Every structure is written in structure tokens, then in C-alpha cells.
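Structural overview for review
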Amino acid sequence: MSRIGNQPVVLPGGVSVKVTPGQYVEVSGPRGALTERISQRLDVTVADGVLTIARRGNSQDLKALHGLARALIQNMVTGVTQGFTRILEVHGDFYRASMKGSNLVLQVGKSHPVEYASTKEIKLDVDQSGRVITVEGICKHDVGHLASLIRGERPPTPYGGAGIRYRDEWVRTKAGKAGRAAI
């Protein structure tokens, strides 16, 4: 029995859900609209501001889809009401980030600057110090994916910690050659 899938999704005020044939669930709210395709082996019902998902069977893969579908819909509801944010920090003496119009420009030790464009769905921002990057949007997947691409340009190194990391990420640093015992 899927414990996550059995929990109802409470729809806050201003959020509307439409289930179309072919099991497309569209969630609209104050920040925008998101659409997700749900398995046809699941039944999605909306009544009295509560969305519930029921499955047609008890196979192991259907139980997993049940919980996945509920989590995806809950993330859509959260996205159209509050949105999602990932904060990255730039560490290193000569590494920095800046905004050029609506584009994020990274100077992270490559022979060229790396640019990422803000879109209608995802907003990029850099603080004045050029050390904190904010990625905001309504789709949790898209925000996390773009944040991982930005981090992937220069992941933190274990020998000094220089690079781009998530704000809540802990990087284990090593001593390097200086930590070796003298013979």
C-alpha cells in the first residue's frame, strides 16, 4: 500500500485542477500553470478542494506510480502557489557570477565566460557580491535541473572547496600534499 499515494492533495484557494482525457492533469494558480501526464491505470478525482488518486490494481510498479503521481501533483500545486528556489554559492578567488541583461554570466576558470539565459519559466539572479546565484521558477524539475547544470560548470574541489555549490551543500575538504607526513 502506497502511503504517499493515499494522502490527499489539498488545493489552496486560487488553485484549479483540470483532468483531461488521456490523463493529463493541469494545475493553474497565481504563478502560472503546469501540466503533467499521469498513468491511465490511476484515477484522479477532485472534490471539495481535495484531489485524490486511486489505483486500479495492486502490482508493485503500480504502487510506485501511485506515490510518484501524488508527489508530482503536490509539487505542481506548490509550484503554482509558492514556487521553488535553489540558491548556489560561488567559492574561489577568481570565480564570479554576474548578470548581463537577463543572462547569467559565469567566470569560473575557463577560457571563455559561460552564459545561461533566463526564460519566462525560470528567473536567474545574482547578488551584488557576485557570489550568490538564485534560480527561481514554478516547476521543481526545471529549477533543479538548471541549478545542477550551473553547478556542473565548476563543481567544488575537495582540496580547497573552490567551485559552485548549493547553499546547503557540505564539501569534505582534504589536506592535499601538505598533509603528508615528513620523512
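These remarks concern the structure in this document.

1. A look at the overall build of the chain
Within the chain one finds three helices and 13 strands. In terms of overall size, the chain is more extended than a compact globule, its C-alpha atoms giving a radius of gyration of 21 Å where 183 residues would be expected to give roughly 16 Å. Counting all 183 residues of the chain, 33% fall into the buried class. When contacts within the chain are restricted to residue pairs at least 6 apart in sequence, those whose partners lie at least 24 apart make up 49%. A total of about 11000 Å² of accessible surface is found on the chain, and carbon and sulfur atoms cover 51% of it. Treating the 25 positive side-chain charges of the chain as one cloud and the 16 negative ones as another, the clouds have centres 7 Å apart.

2. A look at helix 3 (residues 140–152)
Across its 13 residues, helix 3 extends 18 Å between first and last C-alpha, which sits within 8% of the 18 Å expected from 1.5 Å per residue. Buried positions along helix 3 lie against strand 7 (84–91), strand 9 (103–107), strand 10 (114–117), strand 11 (122–126), strand 12 (132–137) and strand 13 (163–166).

3. Some thoughts on the sheet that holds strand 10
Where strands meet in a sheet, backbone hydrogen bonds hold them as pairs that are either parallel or antiparallel. Judged by pairing direction, the sheet is antiparallel, and its three strands sit side by side in the order 8-9-10 without closing on themselves. The strands lining the two open edges of the sheet, one partner per strand, are strand 8 (96–100) and strand 10. For this sheet the average axis-to-axis angle between neighbouring strands, irrespective of direction, equals 25°.

4. Let's talk about the packing of aromatic side chains
Summed over all chains, the structure comprises zero aromatic pairs. Just above the ring of Y166 sits the side chain of R86; from NZ or CZ to the centre is 4.2 Å.

5. Remarks on the environment of K177
Turning to its location among the elements, K177 is positioned in the segment after strand 13. For the pair formed by K177 and D61, sequence separation is 116 residues and the distance between their alpha carbons is 50 Å.

6. Considerations on the nonpolar core
Within the largest apolar cluster, 21 residues are counted, with the highest numbers of intra-cluster contacts made by L104, L106, Y116, I133, V135 and I150. If you list the elements that add at least two residues to this core, you get strand 7, strand 9, strand 10, strand 11, strand 12, helix 3 and strand 13. By residue number, the principal contributor to this core is helix 3, which donates four residues. Excluding residues that lie within four positions of it along the chain, Y116 makes contacts with N103, L104, L106, L124, L146, L149, I150 and E153. In terms of nonpolar packing, the next biggest core, distinct from the first, is built from 19 residues, V17, L62, V77 and V80 among them.

Basis of the calculations
Residues numbered from 1 in each chain as written. Predicted model: local features only at pLDDT ≥ 70, side-chain atom pairs only at ≥ 80, totals over all residues. Heavy atoms only, no water. Helix = DSSP H or I, 4+ residues; strand = E, 2+ residues; numbered from the N terminus. Rg over C-alpha atoms; globule rule 2.2 N^0.38 Å. Buried < 20%, exposed > 50% of the residue type's maximum accessible area, 1.4 Å probe, protein only. Contact = heavy atoms within 4.5 Å. Areas by Shrake-Rupley, 256 points an atom, 1.4 Å probe, with all protein chains shown as cover. Lys, Arg positive; Asp, Glu negative; His and termini not counted. Charge placed at Lys NZ, Arg CZ, Asp CG, Glu CD. Expected span 1.5 Å × (residues − 1). Pairing = 2+ DSSP bridges. Axes fitted to C-alpha atoms, helices over the stretch in contact; angles between N-to-C directions. Phe/Tyr/Trp six-rings, centres within 6.5 Å; stacked < 30°, edge-to-face > 60°. Lys NZ or Arg CZ within 6 Å of the ring centre and 35° of its normal. Core = buried A, V, L, I, M, F, W, Y, C linked by side-chain atoms within 4.5 Å.

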